[in-house]
Amino acid sequence: MANVRGKHRLQPIIESFTMAKGFTMTQRADASEQEFQASVPDAVRNAFHQAFGEAMASFGGIEAALMYVFTSLLQPANPTRGHDVFRSGIGFKGQLDMVSALVVSTDVDGELQQAWKQLRNRIEAVQSRRNKLAHMHVWQMSGLGLFGYDTKKKIEDLPVDWSRRQRHQSVFTTEKMQVYRQEFDEVARLIVEFEVKANNYVRRVGARAGKAKTPPEF
């Protein structure tokens, strides 16, 4: 989950803001944090956190859709048990590997494997973005807005100019997270389409196998 860092790394920004307000050095120590926190309008702050929450929730749709793909390929007598098996996978990659293994073992004529390969590439691409959102830290610039930033990078490396900072590839803004949410929704939709295709394929192959085992009538 993203979290908000303390003000110690932002002290130069805080000091510039409070001195511009006319605070003395003594007053600044008591008033800087309160004034700094209040410098971003609630509407801007709320929009940022809403975009974050919606993006993360949308990725949950990807995880749920994958569970149904797994169950459709496995065809357990009790679907709930198939869901339990999928959830037992260690980490997201482990769950993807479980689906991949079922695709390979189920697909007797190559119909599903190529489609799954392309879909998995899309899934892994958006998963990387989801992970960066989940582990970012949230910062704010006085009077301007909030932004998320990769915890593995130094905040000092970002441009000071707000417009340039927003465009930095390692910065997450409200607008960028809204785009991510749309991408997550699209990938979830593609997984649902693949699940329908996989379910139909398994049933079709099963039906063919059943007919092949039927003894001829005389």
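Residues numbered from 1 in each chain as written. Predicted model: local features only at pLDDT ≥ 70, side-chain atom pairs only at ≥ 80, totals over all residues. Heavy atoms only, no water.

Draft legend 1. The overall build of the chain, seen in detail. In terms of helices and strands, the chain carries eight helices and four strands. The linear arrangement of helices and strands in the chain, starting from the amino end, is β-α-α-α-α-α-α-β-β-α-β-α. In the chain, which comprises 218 residues, the proportion classed as buried is 39%. Excluding contacts between residues fewer than 6 apart, the proportion of contacts in the chain whose partners are at least 24 apart in sequence is 62%. Split by element, the accessible area of the chain, about 12700 Å² in all, is 53% carbon and sulfur. (Helix = DSSP H or I, 4+ residues; strand = E, 2+ residues; numbered from the N terminus. Buried < 20%, exposed > 50% of the residue type's maximum accessible area, 1.4 Å probe, protein only. Contact = heavy atoms within 4.5 Å. Areas by Shrake-Rupley, 256 points an atom, 1.4 Å probe, with all protein chains shown as cover.)

Draft legend 2. How the structure looks around the pairing of strand 2 (residues 137-141). Taking burial as the measure, the five residues of strand 2 include five buried ones, the bulk of the element. Neither face of strand 2 is left uncovered, since the one carrying His-137, Trp-139 and Met-141 and the one carrying Val-138 and Gln-140 both have all their residues buried. Relative to strand 3 (residues 145-149), strand 2 is paired through five bridges, and the arrangement is antiparallel. When the sheet's bridge partners are listed, Val-138 is paired in strand 3 with Gly-148. Between the antiparallel neighbours strand 2 and strand 3 lie three residues, among them Gly-143 with a positive phi of about 75°. (Pairing = 2+ DSSP bridges.)

Draft legend 3. Region of the structure containing the packing of helix 3 (residues 42-74) against helix 4 (residues 79-87). In the contact formed by helix 3 and helix 4, the axes pass within 9 Å of each other and the chain directions differ by 120°. The pairing of helix 3 with helix 4 is recorded here as oblique in orientation. Along this stretch, helix 3 crosses helix 4, giving a crossing that reads as right-handed. Residues Glu-63, Leu-66, Met-67, Tyr-68, Phe-70, Thr-71 and Leu-74 of helix 3 lie in contact with helix 4, whose contacting residues are Pro-79, Gly-82, His-83, Val-85, Phe-86 and Arg-87. A breakdown of the residues in the contact of helix 3 with helix 4 according to their chemical character gives eight nonpolar, three polar and two charged. (Axes fitted to C-alpha atoms, helices over the stretch in contact; angles between N-to-C directions. Parallel < 35°, antiparallel > 145°, perpendicular 65-115°, else oblique. Left-handed = near helix turned anticlockwise from the far one by under 90°. Nonpolar A, V, L, I, M, F, W, Y, C, P; charged D, E, K, R; others polar.)

Draft legend 4. Fine view of the side chain of His-83. Within the secondary structure, His-83 sits in helix 4. A polar contact is formed between the side chain of His-83 and the side chain of Thr-71, at a distance of 3.5 Å. Once residues within four sequence positions are removed from consideration, His-83 is found in contact with Met-67, Tyr-68 and Thr-71. (Polar contact = N/O pair within 3.5 Å; in protein donor to acceptor, adjacent residues only side chain to side chain.)

Draft legend 5. Representation of the nonpolar core. One finds Ile-62, Leu-66, Leu-73, Trp-116, Ile-123 and Ile-191 to be the most contacted residues of the largest nonpolar core, which totals 39 residues. Those elements giving two or more residues to this core turn out to be helix 3, helix 5 (91-106), helix 6 (113-135) and helix 8 (174-213). A per-element tally of this core places helix 3 first, with twelve residues. Ignoring anything within four residues of it in the chain, the contact list for Ile-191 reads Ile-62, Ala-65, Leu-66, Val-69, Leu-119 and Ile-123. (Core = buried A, V, L, I, M, F, W, Y, C linked by side-chain atoms within 4.5 Å.)

Draft legend 6. Just the pattern of salt bridges, in detail. For the structure shown, the criterion picks out ten salt bridges. We note a salt bridge from Arg-204 to Glu-111, for which the minimum N-O separation is 3.0 Å. With Arg-204 in helix 8 and Glu-111 in the loop between helix 5 and helix 6, this residue pair connects regions lying 93 residues apart in the sequence. Given a relative accessible area of 36%, Arg-204 falls into the partly exposed group. In this structure, Glu-193 engages Arg-189 in a salt bridge whose closest nitrogen and oxygen atoms are separated by 2.4 Å. A residue pair is termed a helical-turn pair when its members lie 3 or 4 positions apart in one helix, as Glu-193 and Arg-189 do in helix 8 at four residues. Given the relative accessible area of 44%, Glu-193 is considered partly exposed. (Salt bridge = Lys/Arg side-chain N within 4 Å of Asp/Glu carboxyl O.)

Draft legend 7. Structural detail: helix 6. An ideal rise of 1.5 Å per residue puts 33 Å on 23 residues; helix 6 measures up with 32 Å between its terminal C-alpha atoms. Along helix 6, the positions that sit buried rather than exposed are Trp-116, Leu-119, Arg-120, Ile-123, Val-126, Gln-127, Leu-133 and Ala-134. (Expected span 1.5 Å × (residues − 1).)

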